[in-house]
Each structure stands twice: as structure tokens, then as C-alpha cells.
Amino acid sequence: MNYMPGTAKKHLVLLRDGRTLIGYLRSIDQFANLVLHQTVERIHVGKKYGDIPRGIFVVRGENVVLLGEIDLEKESDTPLQQVSIEEILEEQRVEQQAKQESEKLKVQALKERGLSVPRADTLDEY
């Protein structure tokens, strides 16, 4: 791993499970294993977002989908509205429930037509 002291550039990391991390990149190696410092997990719901402080975060390279540097000048020009952690978690929960209900209706409609859809948890992720 290459230690990068004094790196004053924020980076955004998109993980394979859909989470978004923002922090200062402190170390990276040839496998894209990362160490992030002062990391926050950013949750987006609609036009709102919330940041959950996570501290130092070690990410295994196979989980990295995207790594990019954040332009600090443009970061504040976002059209998104920052809300509290509690509010964004509640909105995320409501959004996930709506998605589950929609999926149940879809599966039910397919069953009525004699079709079946394999459950996502039985499929291989790779």
C-alpha cells in the first residue's frame, strides 16, 4: 500500500453494494484497496441527501466500482438539499418499502400470467 500523507483532496467512492463514501484518500495499492480518512457515507433520496460520519474506512478493492476526485469548488454548487441523518434514513426506509411493494405487485402479476421470476437472493452476484 502506498501511504499518501498530506493528501488534501476529497474522493468519492461508489461501492458494489450501492453505498457512496466520501473521504480523504490516504492509501491505495495495486488491487485498489483503499484507506479513507474522515469518511462520510452519503445517502441520496430524491433531491435530498444526508451524511453519516464513518471515520477511517478500509475498502477492499473488489468492492470499488468507481473512485473519483471531488472538485471542492463545485461541491457546494449542488442542487441537492442536505438534511439530518434521521430524516434521510426515514426517507430511505420509506423508499425501500415502496420498492418492495412494487416488486411484490410485479411478481404477483407475472404469477397470474403463468410466469415465474427467480428471487434475487438465489442468484449468484457474479
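Residues numbered from 1 in each chain as written. Predicted model: local features only at pLDDT ≥ 70, side-chain atom pairs only at ≥ 80, totals over all residues. Heavy atoms only, no water.

Under an unreviewed UniProt entry, the protein has the name U6 snRNA-associated Sm-like protein LSm1 and belongs to Dromaius novaehollandiae.

## A few points about the overall build of the protein
Each helix and strand in the protein was counted, giving 2 helices and 7 strands. When each of the 126 residues of the protein is scored for burial, the buried share is 25%. If you sum the accessible surface of the protein, you get close to 9,200 Å²; carbon and sulfur atoms cover 52% of it. (Helix = DSSP H or I, 4+ residues; strand = E, 2+ residues; numbered from the N terminus. Buried < 20%, exposed > 50% of the residue type's maximum accessible area, 1.4 Å probe, protein only. Areas by Shrake-Rupley, 256 points an atom, 1.4 Å probe, with all protein chains shown as cover.)

## Looking at the side chain of D51
Of note, D51 is situated in strand β5 (residues 48-59). There is a polar contact of 2.7 Å between the side chain of D51 and the side chain of R42. Beyond its immediate chain neighbours, meaning those up to four positions away, D51 contacts V40, E41, R42, Q82 and I85. (Polar contact = N/O pair within 3.5 Å; in protein donor to acceptor, adjacent residues only side chain to side chain. Contact = heavy atoms within 4.5 Å.)

## Considering the pairing of strand β3 (residues 20-28)
In terms of burial, β3 is a largely internal element, 8 of the 9 residues being buried. One ladder, built from 5 bridges, connects strand β2 (residues 10-15) with β3; its direction is antiparallel. The residue of β3 that forms the bridge with H11 is G23. The antiparallel hairpin formed by β2 and β3 contains 4 residues in its connecting segment, where G18 sits at a positive phi of about 95°. Alignment of β3 against strand β4 (residues 34-45), held across 7 bridges, turns out to be antiparallel. The partner of I22 across the bridge, within β4, is V40. Hairpin connection from β3 to β4: 5 residues lie between these consecutive antiparallel strands, with A32 at a positive phi of about 70°. (Pairing = 2+ DSSP bridges.)

## Remarks on the environment of H44
Structurally, H44 is set in strand β4. Classification of H44 as partly exposed rests on a relative accessible area of 40%. Sequence separation between H44 and L80 is 36 residues; the distance between their C-alpha atoms is 8.9 Å. Contacts of H44, omitting those with residues within four sequence positions, involve Y49 and L80.

## As for helix α2 (residues 85-112)
In an α-helix, one full turn covers 3.6 residues, which means residues spaced three or four apart are oriented alike. With 28 residues, α2 should reach 40 Å at 1.5 Å per residue; the first-to-last C-alpha distance of 41 Å fits that figure. Taken from the residues just after α2, G114 is the one with a positive phi, measuring 85°. (Expected span 1.5 Å × (residues − 1).)

## Describing the pattern of salt bridges
For the structure on display, the rule yields 10 salt bridges. Look at the salt bridges and you will find they share partners, linking K48, E87 and E91 into a network. (Salt bridge = Lys/Arg side-chain N within 4 Å of Asp/Glu carboxyl O.)

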